[in-house]
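# Observations on the three-dimensional arrangement
Listed below are the residues making up each chain.
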Amino acid sequence: MPVHTSGSSQGSHGRGAGLGLALASALAFGGSGVAAKPLIEAGLDPLHVVWLRVAGAAVVMLPLAVRHRALLRRRPALLAGFGLLAVAGVQACYFAALSRIPVGVALLVEYLAPALVLGWVRFVQRRPVSRAAALGVVLAAGGLACVVEVWSGLSFDPLGLLLALGAACCQVGYFVLADQGSEAGEGAPDPLGVIAYGLLVGAAVLTVVARPWTMDWSVLAGSAHLNGTAVPAFALLTWIVLVATVVAYITGVLSVRRLSPQVAGVVACLEAVIATVLAWVLLGEHLSAPQVLGGAVVLVGAFIAQSSTPAKGSAEPVATGGAERELSARGTAA
C-alpha cells in the first residue's frame, strides 16, 4: 500500500538521522573529560569546572528557554528531573570521578548505564527482557571487573569508582527523561526547551553546591597542560561549554526522540571509546591489556543488552521504539 511505503520510508529516514545525531552526541560528549581534566589539574575544583560548564551552556541556551517558557507550567517535573539528573547529577559525579581515576576508566564505569536501562525496563516498567539482554548485562559487569582489576584489590580509588557509578545511575535518568513525551505527537515537549530549562535548573543547583564565588578565577587566564603541551585554559572551557555541552545535549536528546533510550544508548557507548583514545593520545593515560580487554567487553555487553531490545509493536519482550516514536519525533525535533 502507498501509505505503508511512505511511512516506512519516512521512518527509515528518521532512524538514519537519529543514528547520525547519536554519533555526533557521542563524539561531542567524548571530548569533555579530556578537556576538563587539565583544568582540574591546573587548580580548579571539579565542581567548579562542572558549574562553569553548565552555567555557560545555560547562558547560551537562555533565548530558547524564554521561547519555550510555557514548559514551566506544562512539564515542571520533567524539567526539574532533567536538570537534577541528566545535567547536574551526571556532570558532577563524572567530573569528580575523573579527578581521582583515569578518564577512560571513569567513562567505562559510567557506561554501564545502557545496561542499567534494561534494569529500569524490567523492574520499573515491569516489562520482560530477553536472555540476550541479560547476557549483555553479565558481560558488562564482567568487563567492568577487568577494568578496575578486582584481582588486585581495586587498584583504583574506590571513591572515584563509586562516583563514576553514580554518574552511570544519573545517565539512566538522562536516557529515560530525554524520551519522555516522545509518544505524545504534537503535544510532546520541545526537546530544545527541555534542554534549556534542564541546564538552567542544573546551573541553579550547582551554584548552591559548588559555591563558584570561592573559585580561583585566575586559573582561566593562564594555561593548562595536555600531556606537557600548554593550552589556554579559556580555550578548553569554551570547547567544554559549546561543543561538549550545548552541541552534545542537543544532538543527544534529538537522537533519543528519533530512536529510543535503548538504541541511542548503544551508539552513546562510543563515547567511552572516543574518550579513552583521546585520553591515551592527549593525556598519556595508558591502560593495561586486561583493562583494554575489559573495556571492550563492557561495550560489547552494553551493545548486546540494548540491541536485543525489539521495536515497539513487536511481539517480543521489552517493547520500546518504533515507527510511532519516529513519526512523533519528526514533529517535535524539526
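Coordinates for the structure precede this section.
I will try to describe carefully the structure that is included in this document. (Residues numbered from 1 in each chain as written. Predicted model: local features only at pLDDT ≥ 70, side-chain atom pairs only at ≥ 80, totals over all residues. Heavy atoms only, no water.)

With that settled, consider helix 5 (residues 76-98). A rise of 1.5 Å per residue sets the reference length of helix 5, with its 23 residues, at 33 Å; its end C-alpha atoms lie 32 Å apart and thus fit the reference within 8%. Taken as a whole, helix 5 carries its principal kink of about 35° at Ala-88. Burial within helix 5 is extensive, with 18 of its 23 residues counted as buried. (Helix = DSSP H or I, 4+ residues; strand = E, 2+ residues; numbered from the N terminus. Expected span 1.5 Å × (residues − 1). Bend = angle between axes of the 7 residues up to and from the residue. Buried < 20%, exposed > 50% of the residue type's maximum accessible area, 1.4 Å probe, protein only.)

Assignment of secondary structure puts Gly-222 in the loop between helix 10 (191-210) and strand 1 (223-226). Each C-alpha atom of the pair Gly-222 and Ala-233 lies 5.9 Å from the other, and the pair is 11 residues apart in sequence. Here Gly-222 is in contact with Pro-232 and Ala-233, once residues within four sequence places are set aside. (Contact = heavy atoms within 4.5 Å.)

Using the criterion set out here, one finds one salt bridge in the structure. One salt bridge in this structure joins Asp-157 and Arg-100, with 3.0 Å as the shortest N-O distance. Linking Asp-157 in the loop between helix 8 (131-147) and helix 9 (158-178) with Arg-100 in the loop between helix 5 and helix 6 (103-110), this pair joins segments that are 57 residues apart in sequence. What makes Arg-100 partly exposed here is its relative accessible area of 42%. (Salt bridge = Lys/Arg side-chain N within 4 Å of Asp/Glu carboxyl O.)

All right, on to the packing of aromatic side chains then. Tallied over the full model, the rule gives four aromatic pairs. Here Phe-29 and Tyr-249 contribute two aromatic rings whose centre-to-centre distance is 5.2 Å and whose plane-to-plane angle is 85°, an arrangement assigned as edge-to-face. One end of the pair, Phe-29, is in helix 1 (residues 2-30); the other, Tyr-249, is in helix 11 (residues 233-258), with 220 residues separating them in the sequence. Given a relative accessible area of 10%, Phe-29 falls into the buried group. Owing to a relative accessible area of 2%, Tyr-249 belongs among the buried residues under this scheme. (Phe/Tyr/Trp six-rings, centres within 6.5 Å; stacked < 30°, edge-to-face > 60°.)

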